[in-house]
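Tertiary structure, described
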Amino acid sequence: MHFGFSYVGLIYLVLLFVPNILWTKNQPKDYKEYVKKENRFLLFLERTGEILVTCVAVIFSDFNLRKWTAWCWWLVISFLLMVLYEIYWVRYFRSEKTMKDFYGPLFFIRVPGASLPVMALFLLGIYGSSFLMIVSTVLLGIGHIGIHKAYERAVFGKREKPHIMLRVGKVLLVTGLILFSGILSVGIGIRNGNYIRHFANLADGVDEQSYITLGGMEQYVLMTGRDVKNPVIIYLHGGPASPDTFCTYSFADELTEDYTFVCWDQRGCGRTYYRNSGTDPENSTVSFQQALEDLDELVDYARQRFGQEQVILMGHSYGTILGSSYVQEHPEKVSAYIAVAQVLSADRMEKENYEAAMAAAKEAGQSTNALEEAYNAFLAKGNLTNRMALRREIAKFRPAARMDSTFWFALTSPYFGMDDLNWFFRQVGDYEEFSRLNQDLFDVTFSFDVDTLKQEYEMPVYFISGDADWVCPVDSIRAYKDRITAPKKELVTIAGCGHNVQYTDPEEFAEQVKQILK
């Protein structure tokens with residue numbers, strides 16, 4: 001939904017218009033007789049689609065070439081269909097120019113002069129994530145293909161039906177393609193709708209995705225807000241190395257009236273990793289100390305850009321390890337600290353969760369063999385693979401009442417891109433390879449104990465947790481809150497939510513943030 005001239009769209013229009021202009025002087029014999037029988041409703045859809053496609057193709061820059069990702073295959077396939085469309089016209093102009101020449105199939109494609117450009121434009125709409133192009137092409141397709149399918153039947157008469165198995169296969173294939181295209185189109189439409197909502201930020205605020213140099217490395221930062229004069233919240237994602245920048249709009253949109261929200265793919269992960277994979281593919285510059293220095297530069301950048309003496313820091317899960325450490329080092333730069341699912345001690349939390357899961361399993365009379373095996377494997381080697389296996393077993397006995405919607409928010413995000421998807425597959429693939437890429441961060445996370453930090457905070461400290469979060473147990477966080485001293489401290493719990501409380505009930509989460517900061 002980025003307004004701007006599209007040279008790719010212009011190329012497609014030229015490929016469409018030039019053959020049709022030539023065709024006006026090379027029409028098939030008797031073609032005008034068929035036109036007299038045109039369906040007026042289909043003609044209306046065809047004309048409407050033509051106007052819309054022509055406009056949309058050139059006024060959005062999303063159709064232009066970009067850095068190669070797997071998503072670019074949509075453009076490749078789309079352009080190949082346009083090449084076939086031009087081949088169809090070459091064949092026609094070299095023929096005797098009869099109605100059978102005009103409507104003859106190209107390879108296995110029926111009515112190629114109508115279906116090929118419609119399919120090409122539809123895929124161009126998917127490539128550009130443009131719901132407007134998709135809808136315009138559907139209107140064009142219903143009218144244009146419908147009209148010319150009627151002409152084709154009049155020219156060739158009733159065709160012999162293929163074998164029943166071929167017909168069934170065709171129905172299944174077409175149904176599958178329609179369902180897939182429909183789901184994809186709806187997702188793109190919701191993403192476009194979410195993006196349009198952010199236009200309100202542009203008058204006096206900010207809605208910007210950019211790469212900012214932090215610690216000598218370009219790092220991905222997303223900034224949104226209605227008024228650049230508002231206080232700044234900097235959000236620190238969890239993991240480590242599990243960026244969720246593309247999802248934060250789900251709750252940040254509820255905050256942007258009063259705050260400028262800044263989130264960041266930290267060094268060594270997500271878009272920042274792929275931005276620098278050519279120069280640092282092994283993450284040799286990644287360390288916890290470097291993360292603190294990068295964060296300090298980001299804080300200074302936000303303070304300077306938005307004219308603020310201090311920022312509000314919000315960390316989630318591993319982000320609370322980074323956040324807690326930072327606010328102790330730089331209290332003068334932070335006006336408030338919000339810890340979402342505060343990490344206390346990774347090993348201690350795993351032990352507490354295991355014991356709670358064992359108690360729940362025994363109370364329910366369920367077998368604990370798999371749970372015990374996972375815990376013993378974790379005790380023998382507390383690496384990421386064994387920790388995740390243990391958590392999967394614990395989750396069977398400690399389910400949250402409400403599921404988080406992270407995947408939905410990702411799929412419908414106006415900011416989600418292929419780099420985000422590629423990094424997700426890294427996370428859920430080989431755990432050992434994933435942790436190796438950010439080994440220092442995982443070493444710090446697994447050995448972290450919040451009680452080794454100072455117990456005195458110089459700014460207000462607020463804890464927000466789901467009351468069903470067993471990854472970072474609420475009772476332990478409450479006890480930690482009682483141990484520390486701060487100008488103000490408070491623990492807020494949200495009913496039924498687990499570890500990703502901000503993606504389980506984003507509206508309530510944002511409301512609680514606004515209330516505690518008020």
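As a reminder, the structure under discussion sits directly above these lines.
Figured I'd write up the structure that's included with this text. In this numbering scheme, every chain counts its residues from 1 along its sequence in written order. With pLDDT at 70 or above as the cut-off, local features in this predicted model cover only qualifying residues; side-chain atom pairs require 80 or more to be listed or tallied, and sums for whole chains, interfaces and linings still use all residues. Working from all heavy atoms in the structure, the side-chain values ignore hydrogens and water.

A short note on the pairing of strand β6 (residues 334–340)
Exposed residues in this analysis have more than 50% of their type's maximum accessible area, buried residues have under 20%, and partly exposed residues fall in between, with area computed by a 1.4 Å probe over protein chains only. Segments assigned H or I by DSSP are reported as helices when at least four residues long, segments assigned E as strands when at least two residues long, and all are numbered from the N terminus. Counting buried positions over the seven residues of β6 gives six, a clear majority of the element. Note that strand β5 (residues 311–316) and β6 share six bridges and pair parallel. Following the sheet pairing, isoleucine 312 is matched in β6 by alanine 336. Running through helix α12 (residues 318–329), the crossover from β5 to the neighbouring parallel element β6 is right-handed. Across four bridges, the pairing between β6 and strand β7 (residues 461–466) is parallel. Residue pairing across strands places tyrosine 337 opposite valine 461, the latter belonging to β7. Strands were regarded as paired on the criterion that DSSP finds at least two bridges between them. Handedness rule for crossovers: strands pointing away from the viewer, path from the first strand over the helix to the second running clockwise, crossover right-handed.

So, the packing of aromatic side chains
Stacked, edge-to-face and tilted labels apply to pairs of Phe, Tyr and Trp rings (six-membered ring for Trp) whose centres lie within 6.5 Å, assigned for plane angles under 30 degrees, over 60, and everything in between, in that order. As enumerated under the stated definition, the model contains 37 aromatic pairs in all. Each member of the aromatic cluster is reached from another via a ring pair, and the members are Trp23, Tyr85, Tyr88, Trp89, Tyr92, Phe93, Phe102, Tyr103 and Tyr151. Sitting over the face of the ring of tyrosine 127, arginine 66 holds its NZ or CZ atom 4.1 Å from the ring centroid. The cationic tip of arginine 271 hangs over the ring face of tyrosine 220; the distance from NZ or CZ to the ring centre is 4.6 Å. We call a charge positioned over a ring when the NZ of a Lys or the CZ of an Arg lies within 6 Å of the ring centre and within 35 degrees of the ring normal.

Re helix α13 (residues 346–364)
Between its first and last C-alpha, α13 extends 27 Å over 19 residues, near the 27 Å set by a 1.5 Å rise per residue. For α13, every residue scored as buried is listed here: Ala346, Met349, Glu350, Asn353, Tyr354, Ala357, Met358 and Ala361. Throughout, a contact is declared for two residues whenever any of their heavy atoms are within 4.5 Å. In this structure, the buried residues of α13 make contact with α14 (369–380), α15 (384–397) and α19 (439–447). Just beyond α13, the residue with positive phi is glycine 365, at close to 70°. For a helix, the expected span equals 1.5 Å multiplied by the number of residues minus one.

Here we look at the pattern of salt bridges
A carboxyl oxygen of Asp or Glu within 4 Å of a side-chain nitrogen of Lys or Arg is what we treat as a salt bridge. Counted according to the given criterion, the structure contains 26 salt bridges. Note that arginine 47 is salt-bridged to glutamate 50, the shortest N-O span being 3.6 Å. Here arginine 47 pairs with glutamate 50, and both are found in helix α3 (residues 40–59), just three residues apart, close to one helical turn. Owing to a relative accessible area of 31%, glutamate 50 belongs among the partly exposed residues under this scheme. A salt bridge links arginine 348 to aspartate 449; its shortest N-O distance comes to 3.3 Å. Here aspartate 449 lies in the loop between α19 and β7 and arginine 348 lies in helix α13, a separation of 101 residues in the sequence. By sharing partners, the salt bridges in this structure join Asp296, Asp300, Arg303 and Lys333 into a single network.

A look at the sheet that holds strand β3 (residues 232–236)
Across the sheet, which stays open at both edges, the eight strands sit in the order β1-β2-β4-β3-β5-β6-β7-β8 with mixed pairing between neighbours. Whereas interior strands pair on both sides, the edge strands pair on one side only; in this sheet they are β1 (206–214) and β8 (489–494). Going across the sheet, the axis of each strand differs from the next one's by a mean of 20°, ignoring polarity. Angles here are taken between N-to-C directions and fall from 0 to 180 degrees, while the axes themselves are lines fitted to C-alpha atoms, restricted in helices to the stretch in contact. In the packing of helix α20 (residues 474–483) onto the sheet, the strands contacted are β7 and β8, and the crossing angle to β8 comes to about 165°. Across the face of the sheet, helix α22 (residues 506–517) comes into contact with β3, β5, β6, β7 and β8 while running at roughly 165° to β8.

Things to note about unusual backbone geometry
In this structure, the amide linkage connecting glycine 239 to the following residue, proline 240, adopts the cis form with an omega of 10°. Tracing the backbone shows proline 240 in the loop between β3 and α9 (249–252). Phi at phenylalanine 107 takes a positive value of approximately 60°, unusual for a residue other than glycine. Residue placement: phenylalanine 107 occurs in the loop between α5 (99–103) and α6 (112–127). Take phenylalanine 107: its relative accessible area is 64%, and that puts it in the exposed class. One non-glycine residue, serine 317, adopts positive backbone phi at about 55°. Inspection of the secondary structure assignment puts serine 317 in the loop between β5 and α12.

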